[in-house]
Amino acid sequence: MTTKEKIFNKLNSHKETAVSGEKLAEACGISRAAVWKAIQALREEGFNIEGSTNGGYIYRKNSDVVRSDVVKDFLVQKYPGLKKAVIKCFKTIDSTNTYAKKLLSENEKRALDKTVIIAEAQTAGRGRLGRTFCSPEKTGIYLSVIYVPSDRKIEPAKITAFSAVAVKRVIERFFDVDAKIKWINDIYVNDKKVVGILTEGFTNFETGIIEAAVIGIGINICTKKSQFSKEAQKVAGSITDKKDFGISRSQIAAEVAGEVLSIFNEKPQKVIREYQDSSFLKGKTVEVHPIIDDENGVYSATVIAINEEAELVVKLKNGSIKKLSSGEVTLHQE
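What counts and what doesn't
Residues numbered from 1 in each chain as written. Predicted model: local features only at pLDDT ≥ 70, side-chain atom pairs only at ≥ 80, totals over all residues. Heavy atoms only, no water. Helix = DSSP H or I, 4+ residues; strand = E, 2+ residues; numbered from the N terminus. Buried < 20%, exposed > 50% of the residue type's maximum accessible area, 1.4 Å probe, protein only. Polar contact = N/O pair within 3.5 Å; in protein donor to acceptor, adjacent residues only side chain to side chain. Pairing = 2+ DSSP bridges. Salt bridge = Lys/Arg side-chain N within 4 Å of Asp/Glu carboxyl O. Contact = heavy atoms within 4.5 Å. Axes fitted to C-alpha atoms, helices over the stretch in contact; angles between N-to-C directions. Parallel < 35°, antiparallel > 145°, perpendicular 65-115°, else oblique. Left-handed = near helix turned anticlockwise from the far one by under 90°. Nonpolar A, V, L, I, M, F, W, Y, C, P; charged D, E, K, R; others polar. Phe/Tyr/Trp six-rings, centres within 6.5 Å; stacked < 30°, edge-to-face > 60°. Lys NZ or Arg CZ within 6 Å of the ring centre and 35° of its normal.

Turning our attention to the environment of serine 300. In this structure, serine 300 sits in strand 12 (residues 299-306). Judged by its relative accessible area of 19%, serine 300 falls in the buried class. For the pair serine 300 and glutamate 44, spaced 256 residues apart in sequence, the C-alpha to C-alpha distance is 53 Å. At 2.9 Å, the side chain of serine 300 forms a polar contact with the side chain of glutamate 287.

Encoded structure:
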């Protein structure tokens, strides 16, 4: 363990309380000068460490830094049943979902259950239907959760719907906003998309059974409009316009991961009802895209409801009813 890690661990065990440089030096077996050097290095990483009037150091929990040990600390505080969860953090990665699927291809699936991959930025973030997901550093949270149920029963539509409810809960817990869900995977605030969820299954080709799910979640916390592509600007937005929103992104990431992993143990009927109540599509006319990049298959329909299976129930112009378990719908103004 490095000197910097030792200092961080001592400060982390005394969050919001001053610890003198003398005590830190004694506990870590180093000089006061080495303590100061480690403190400076931690500050450069983004940790909010204040110097107190008596010469001590105070670590503030709202530090804007994403690190595995910090996220795990927040996770276990809120969700003690997830002590065995594995957290992997990256400053930059191509795609958290791509990395998660690589892990699943190289390791025993059950051993990866409750693994969470988090990135401060993605160079090749992916959305549904082959789209890219804007993932600039210091403005959002980008993570993937590996879920491997013991009974191997995976229903992608429900997993995405349940995850959307979980993320909505966390957003409303931390920010004074009213979040809404657009079937099946988007969360909107103030009529702008602030969260995208991409669920991908890992299938056993011999049995055809989906053995694991990778739940990719991208959250635009304070991404500026100029950081989105011109096309994305029509739809995308951020939860807040404040760069200093007073909450650690590590804490947000921890609670998103914890809520997602916990929600699958709740009563399905309760979660689906919450999902239904959060939808803003009922009664609206939408364009249905049943197949990727197949504009010939696009048709208009009116949304009637979301059923117990998380399917979107729509009414076509000829009066017939359809239940959609996959595909994409867009509002006319999109």
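This part is about the sheet that holds strand 2 (residues 49-51). Pairing is antiparallel in the open sheet, where three strands are placed in the order 1-3-2. The open sheet terminates on both sides in strands that have one partner only, identified here as strand 1 (19-20) and strand 2. In this sheet, strand 3 (residues 56-59) lies alongside strand 2 in antiparallel orientation, the contact comprising three bridges. Each residue of the ladder has a partner; that of glycine 51, found in strand 3, is tyrosine 57.

So, on to the pattern of salt bridges. The full count for this structure, using the stated rule, is 21 salt bridges. Residue glutamate 259 is joined to arginine 169 by a salt bridge in which the shortest nitrogen-to-oxygen separation is 2.9 Å. Highlighted residues: glutamate 259 in helix 7 (residues 249-263) and arginine 169 in helix 6 (residues 156-174), separated in sequence by 90 residues. When the shortest N-O distance is used, the salt bridge between arginine 169 and glutamate 274 registers 2.8 Å. Here the residue arginine 169 occupies a position in helix 6, and glutamate 274 occupies one in helix 8 (residues 268-278), the gap between them amounting to 105 residues. Glutamate 274 gets classed as partly exposed once you look at its relative accessible area, which sits at 23%.

As for its placement among the helices and strands, lysine 158 is situated in helix 6. Relative accessible area serves as the criterion here: at 17%, lysine 158 is assigned to the buried category. Side chain to side chain, lysine 158 and glutamate 309 meet in a polar contact 3.5 Å long. Beyond its immediate chain neighbours, meaning those up to four positions away, lysine 158 contacts Glu308, Glu309 and Ala310.

Okay, the packing of helix 6 against helix 8 next. Taken N-terminus to C-terminus, the directions of helix 6 and helix 8 make an angle of 70°; their axes are 9 Å apart at the nearest point. Relative to helix 8, the element helix 6 is oriented roughly perpendicular. Note on packing geometry: the crossing formed by helix 6 with helix 8 is left-handed. In this structure, helix 6 uses Ala161, Phe162, Ala164, Val165, Lys168 and Arg169 to contact helix 8, whose residues at the interface are Pro268, Lys270, Val271, Ile272, Glu274, Tyr275 and Ser278. Among the residues making up the contact of helix 6 with helix 8, the classes are represented as eight nonpolar, one polar and four charged.

What the rule picks out here adds up to seven aromatic pairs. On the numbers, 4.9 Å between centres and 45° between planes, the contact of phenylalanine 8 with phenylalanine 47 is tilted. In this pair, phenylalanine 8 sits in helix 1 (residues 3-12) while phenylalanine 47 sits in the loop between helix 3 (32-45) and strand 2, placing the two residues 39 residues apart along the sequence. Just as phenylalanine 8 is buried, phenylalanine 47 falls in that class too. Where phenylalanine 162 meets phenylalanine 264, the ring centres are 6.4 Å apart and the plane angle is 15°; that geometry is what we call stacked. Of the two residues, phenylalanine 162 is situated in helix 6 and phenylalanine 264 in the loop between helix 7 and helix 8; the sequence distance between them amounts to 102 residues. Taken as a pair, phenylalanine 162 and phenylalanine 264 share a single burial class, namely buried. An aromatic cluster is built from Phe8, Phe47 and Tyr59, whose rings are joined through pairwise contacts. The ring of phenylalanine 8 is capped by arginine 67, whose NZ or CZ atom sits 4.6 Å from the centre of that ring.

Looking now at the sheet that holds strand 4 (residues 86-90). Spatially, 4-5-6-10-9-8-7 is the arrangement adopted by the seven strands of the open sheet, whose pairing is mixed. Bordering the open sheet on either side are strand 4 and strand 7 (179-182), each of which pairs with just one other strand. Strand after strand, the sheet turns through a mean of 20° between neighbouring axes, direction not considered. In terms of strand pairing, strand 7 meets strand 8 (residues 186-189) through four bridges, oriented antiparallel. Paired with alanine 179 across the strands is valine 189, a residue of strand 8. Along the sheet, helix 4 (residues 68-78) contacts strand 4 and strand 5 (115-119); its crossing angle with strand 4, the most-contacted strand, is approximately 140°.

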